[in-house]
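Listed below are the residues making up each chain.
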Amino acid sequence: GGMSSVLTTVWLILSALTFGAVHIPLNTLPKRHVELNKYQDKPIIVACRSGARSSPACGTLRKAGFEKVYMMNGGMLAWESANLPVTRKK
């Protein structure tokens, strides 16, 4: 828990319209991307804390056949610094 879980998580924000986000640690993405198959034809925005882990995650998803994969530049740090809304689990 705590900060380490935040640092190893890739946020896959599945749609710009619905703020449903799936949290999948980068090292489990090669096995768990099948959980996203129902979104294969929809845009997937990949975001991590700072942007460093988003690129390899995008590559993994593209190799798995996801075509509309986008990386959020600057990650959640940039999102929060722009004062955009963040939903945190209670």
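Throughout, residues of each chain are indexed from 1 in the direction in which the sequence is written. Side-chain atom pairs in this predicted model are given and counted only at pLDDT of 80 or more, local residue features only at pLDDT of at least 70, and totals for whole chains, interfaces and linings cover all residues. The side-chain figures draw on all heavy atoms in the structure; neither hydrogens nor water molecules are used.

Engineer: Which residues make up the overall build of the protein chain, and what values go with them?
Structural biologist: We count a stretch as a helix when DSSP gives it H or I for four or more residues in a row; a strand needs E for two or more, and each element gets its number in order from the N terminus. Along the protein chain, the regular secondary structure elements total four helices and four strands. What you see in the protein chain, going N to C, is helices and strands ordered as α-β-β-α-β-α-β-α. Relative accessible area decides the class of each residue, using a 1.4 Å probe on protein chains only: under 20% of the type maximum gives buried, over 50% gives exposed, and in between gives partly exposed. The 90 residues of the protein chain split such that 30% are buried. Relative to all contacts within the protein chain whose residues are 6 or more apart in sequence, the contacts with residues 24 or more apart total 59%. A contact between two residues is defined here by any heavy atoms of the two lying within 4.5 Å.

Engineer: Help me get a handle on the state of the cysteines, residues and values and all.
Structural biologist: Every disulfide links exactly two cysteines, by a covalent bond between their sulfur atoms. Disulfide assignment relies on a single distance test, namely cysteine sulfur atoms paired within 2.5 Å. This model, assessed by the stated rule, comprises zero disulfides. Here cysteine 48 stays unpaired: no disulfide links it, and the sulfur of cysteine 58, its closest cysteine neighbor, is 9.3 Å away. Given the relative accessible area of 2%, cysteine 58 is considered buried.

Engineer: Describe the confidence of the model for the protein chain, with residues and values.
Structural biologist: Here the protein chain averages 77 in pLDDT, while 74% of its residues score no lower than 70. Summarising per-element confidence for the protein chain, the mean pLDDT is lowest in helix H1 (residues 3–7) (43) and highest in helix H3 (residues 54–63) (92). A score from 0 to 100, pLDDT tells how confident the predictor is in each residue. Here residues 1–9 is a poorly scored stretch, pLDDT under 50, and it has 14 contacts once near neighbours within four places are set aside; other chains count. The model gives residues 14–18 a pLDDT under 50, and that stretch makes seven contacts with residues more than four places away or in other chains.

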